[in-house]
Amino acid sequence: MRGAMTGDSNRTVAIVVAAGRGERAGDGPPKQYRAIAGKAVAAYAVEAFARHPAIDAVLLVIGTGQDDLARTALATASIAPTLVTGGATRQASVRAGLDHVAATGGAGRVLIHDAARPFLPAAVIDRVLAGLDRAPGVIPVLPVVDTLARGDGLLGDPVDRDGLQRVQTPQGFDFQTILSAHVQQQGRGDATDDAQILKACGHDVILVEGDVALEKLTHPGDFTRAERALAASRLPRTGMGYDVHRLVEGEELWLGGVRIDHAFGLSGHSDADVALHALVDAILGALADGDIGSHFPPSDPQWRGAASCRFVEYARDRVAARGGVITHVDLTLICEAPRIGPHRQAMRARIAELLDIPLSRVSIKATTTERLGFAGRREGIAAQAVATILLPEPL
Ligand code: CTP
Ligand code: MG
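Here the structure is a predicted model, which is why all the values come from computation and not from measurement. (Residues numbered from 1 in each chain as written. Chains lettered and ligands numbered in written order. Predicted model: local features only at pLDDT ≥ 70, side-chain atom pairs only at ≥ 80, totals over all residues. Heavy atoms only, no water.)

S.K.: So what's going on with the packing of helix α8 (residues 274–287) against helix α10 (residues 309–321)? Which residues, and what values?
M.R.: Packed helices, taken two at a time, are described by the angle their axes make and the gap between the axes. Between α8 and α10, the shortest axis-to-axis distance is 9 Å and the interhelical angle comes to 15 degrees. Regarding the angle of α8 to α10, the classification is roughly parallel. At the point where α8 passes α10, the crossing takes the left-handed sense. Contacts between α8 and α10 involve L276, H277, L279, V280, I283 and L287 from the former and C309, F311, V312, A315, R318 and V319 from the latter. In terms of residue class, the contact of α8 with α10 is made up of ten nonpolar, one polar and one charged. (Axes fitted to C-alpha atoms, helices over the stretch in contact; angles between N-to-C directions. Helix = DSSP H or I, 4+ residues; strand = E, 2+ residues; numbered from the N terminus. Parallel < 35°, antiparallel > 145°, perpendicular 65-115°, else oblique. Left-handed = near helix turned anticlockwise from the far one by under 90°. Contact = heavy atoms within 4.5 Å. Nonpolar A, V, L, I, M, F, W, Y, C, P; charged D, E, K, R; others polar.)

Right, dumping it as structure tokens:
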């Protein structure tokens, strides 16, 4: 989002309408709050607007009594949009959003978008905003490619598809013009989009190219398809981690989330579980999201003696928050003693549990260094980890 406000008429506000009941989408919570790849449908568009440099504010119009649903759905989103309560029809919900903008400083331009169209490419926002330099209304459209026909059980007359377009959102408007149009058209039928309302008041609306990614989720099958499309858009990413801790007398030995009886324990940050620290760094590495020290500074007293399991859960949640999945982790422990073999299964089980992935996706290996170096002299234990994750590319 753009930083400082530069006066009302320069402000561009995104209104995401999410107050519908999703009746055609079947059972379950309203479609805008269902998860696709671990993220709520509504969170996708909200984040896409928030990420765009030309957008100054994002409103989410929600249904009466949906505050908790909306807050939970957006809990892990990168921004918290302003929540506004919508109405019984889409038109009423948009109007509630427009009224809120008017009451909170106004705007030069608004983009009105269906929460049920989660995958919003930045290029479409660019095209719509660019169009607003030429007309007070701009809509993204795609040509109709299928053959069209009338009929209800029996094939009727063909329909000429020449010049027919499928209308998508976000639709962009000059703020004052669309607000006046909504006021003027109130009570005159229920328009399914805002461009019709603008046009009914005699204003020009121009067409720009939409995007197939913007299809609206309407029926149950659309969710399966969206999940599959997103899975296909996920790219594998690999991160590595490395850590060393000193072996000392009088400390407990924690390795791979398991306490091991041993004459020496590891000293250092938290419980000094060198294997889990390497694992956390591998996961953060795959996310390109800093390292364990930047998230849990050793200088911060709250992490003294902390269980490293918490760091692993934190890294796991960072992956989930970005719609990613951890596909595999592989660790190597480097030490003369203790022997790792007897504890391998317990460590794998504990790590699988912490990451919430099957045991088959967790590998633990161990090696000595032929008594060479610090590990060979039993002065410390080193651990290496590699994490492979699948992460959706931002749409
Ligand atoms: N919408 C809204 N307020 C309403 C009705 C719809 O904000 N009273 C929003 C929906 O949440 C959706 C968008 O308008 O993001 C497009 O509407 P549609 O796809 O028809 O969604 P629903 O009305 O929720 O679904 P259905 O018609 O199947 O019940
Ligand atoms: Mg509807």
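S.K.: Can you tell me about the layout of surface pockets, naming the residues and giving the values?
M.R.: Of the volumes computed, that of the largest pocket is approximately 910 Å³. Taken together, 32 residues form the lining of the largest pocket, with G20, R24, R90, D114 and K216 sitting closest to its centre. Elements represented by at least two residues in the lining of the largest pocket include exactly β1 (12–18) and α3 (90–103). Of the residues contributing to the lining of the largest pocket, the split by class is eight nonpolar, 14 polar and ten charged. (1 Å grid on protein atoms, 1.4 Å probe; cavity = no way out; pocket = protein on both sides within 12 Å on 5 of 7 lines; lining within 4 Å. Points joined across faces, edges and corners; volume = space filled by probe spheres on them.)

S.K.: Quick one: what's the story with unusual backbone geometry, residue by residue and with numbers?
M.R.: Geometrically, the link from T169 to P170 is a cis peptide bond, its omega value of 15 degrees lying close to zero. Of note, P170 is situated in the loop between β10 (165–167) and β11 (171–174). A cis amide bond links A337 to the next residue, P338, at an omega of 0 degrees. Along the chain, P338 falls in the loop between β17 (325–334) and α11 (344–355). With a phi close to 55 degrees, S270 is a non-glycine residue in the positive phi region. Positioned with a positive phi, A288 is a non-glycine residue whose angle comes to about 50 degrees. Among the structural elements, A288 can be located in the loop between α8 and α9 (292–295). Given the relative accessible area of 63%, A288 is considered exposed. (Buried < 20%, exposed > 50% of the residue type's maximum accessible area, 1.4 Å probe, protein only.)

S.K.: Tell me what's going on with the sheet that holds strand β16 (residues 264–267), and back it up with residues and numbers.
M.R.: In space, the five strands of this open sheet follow the order β16-β13-β19-β17-β18, with mixed pairing throughout. Because the sheet does not close on itself, it has two edges, and the strands there are β16 and β18 (362–367). Mean inter-strand twist for the sheet, computed between neighbouring axes without regard to direction, equals 25 degrees. By the bridge criterion, four bridges tie strand β13 (residues 234–249) to β16 in an arrangement that is antiparallel. Directly across from L247, in β16, lies its bridge partner L266. Against the sheet, α11 touches β17 and β18, its axis set at about 140 degrees to β18. (Pairing = 2+ DSSP bridges.)

S.K.: Explain the nonpolar core to me, using residue names and the numbers behind them.
M.R.: Counting residues in each nonpolar core, the largest one holds 47 residues, and the members touching the most others are L255, L279, V329, L333, I351 and L355. Of all hydrophobic cores here, the second largest spans 34 residues; its members include A43, A77, L129 and L214. (Core = buried A, V, L, I, M, F, W, Y, C linked by side-chain atoms within 4.5 Å.)

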